[in-house]
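# Secondary and tertiary structure notes
Next come the chains, spelled out residue by residue.
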Amino acid sequence: MGEQRLCAVDDIADGGSDRFEATIDGKPQWVMAIRQGDTVYTYLNSCPHIGSPLDFKPGEFLNEDRTHIICTTHAALFRIEDGHCIFGPCEGDGLTPVPGEVRNGIVYVAGRSALPATAS
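Read on for a plain summary of the structure. (Residues numbered from 1 in each chain as written. Predicted model: local features only at pLDDT ≥ 70, side-chain atom pairs only at ≥ 80, totals over all residues. Heavy atoms only, no water.)

Let us now look at the nonpolar core. Ranked by size, the top nonpolar core spans 15 residues in total, and within it Met 32, Ile 34, Leu 54, Ile 69, Phe 78 and Leu 95 carry the most contacts. Apart from residues lying up to four places away in sequence, Ile 34 is in contact with Gly 16, Ser 17, Thr 39, Val 40, Tyr 41, Tyr 43, Leu 62, Ile 69 and Ile 80. Core analysis: the second largest hydrophobic core is formed by 14 residues, Cys 7, Val 9, Ile 12 and Val 98 among them. (Core = buried A, V, L, I, M, F, W, Y, C linked by side-chain atoms within 4.5 Å. Buried < 20%, exposed > 50% of the residue type's maximum accessible area, 1.4 Å probe, protein only. Contact = heavy atoms within 4.5 Å.)

What follows is the structure, encoded as structure tokens:
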């Protein structure tokens, strides 16, 4: 599956997050998007611990001070920039990135996921 339009950058508040449906690996899946300035990080909305969605409220993926992605099921914390889990039952594992880029104010993602983030 080729590249697809996920959203406009302005659909996500700077320092915020949201979720969008996209066809990834041949099936419809929820993709989380976290915006920091002009950069948008995209991952599958699936906790590496048991595969549950990370957001309790749709599209809300960040901890209270907006410094990390949080799994609302287990309170696991993930770095925004690479999806690496730094706290919780999946510590050392990582979120599954969805390759993407921002062009002309639009976020595009590949129709495939990448290998999950690993310990570094």
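Scanning all chains against the criterion turns up zero aromatic pairs. The ring of Trp 30 carries the charged tip of Arg 19 above its face, separated from the ring centre by 4.2 Å. Looking at Arg 103, its charged tip hangs above the ring of Tyr 108, at a distance of 4.2 Å from the centre. (Phe/Tyr/Trp six-rings, centres within 6.5 Å; stacked < 30°, edge-to-face > 60°. Lys NZ or Arg CZ within 6 Å of the ring centre and 35° of its normal.)

Let us now look at the pattern of salt bridges. A full pass over the atoms with the stated rule returns seven salt bridges. The salt bridge involving Glu 3 is made with Arg 103; its shortest N-O contact spans 2.8 Å. Placement of the pair is Glu 3 in the segment before strand E1 (4-8) and Arg 103 in strand E8 (residues 100-103), with a sequence separation of 100 residues. Salt-bridge contacts for Arg 79 lead to Glu 81; the nearest nitrogen and oxygen are separated by 4.0 Å. Accessibility expressed as a relative area gives 47% for Glu 81, which makes it partly exposed. One network of salt bridges, with partners in common, ties together Glu 3, Glu 101 and Arg 103. (Salt bridge = Lys/Arg side-chain N within 4 Å of Asp/Glu carboxyl O. Helix = DSSP H or I, 4+ residues; strand = E, 2+ residues; numbered from the N terminus.)

The subject of this paragraph is the sheet that holds strand E5 (residues 68-70). The sheet built from three strands is open, its strands ordered E5-E6-E7 with antiparallel pairing. Here the strands that pair on one side only, and so sit at the sheet edges, are E5 and strand E7 (85-87). In this sheet, neighbouring strand axes are inclined to one another by 40 degrees on average, regardless of whether the strands run parallel or antiparallel. Sheet topology note: the strand E6 (residues 77-79)/E7 ladder contains two bridges and is antiparallel. Within the sheet, the bridge partner assigned to Phe 78 lies in E7 and is Cys 85. (Pairing = 2+ DSSP bridges. Axes fitted to C-alpha atoms, helices over the stretch in contact; angles between N-to-C directions.)

Let us now look at the state of the cysteines. By the definition in use, this model includes zero disulfides. Of all cysteine sulfurs, the one in Cys 47 lies closest to Cys 71, which takes part in no disulfide; the gap is 3.8 Å. Of the cysteine sulfurs around Cys 85, a residue in no disulfide, the closest is that of Cys 90, at 3.4 Å. On the basis of relative accessibility, which here comes to 0%, the residue Cys 85 falls in the buried class. (Disulfide = S-S within 2.5 Å.)

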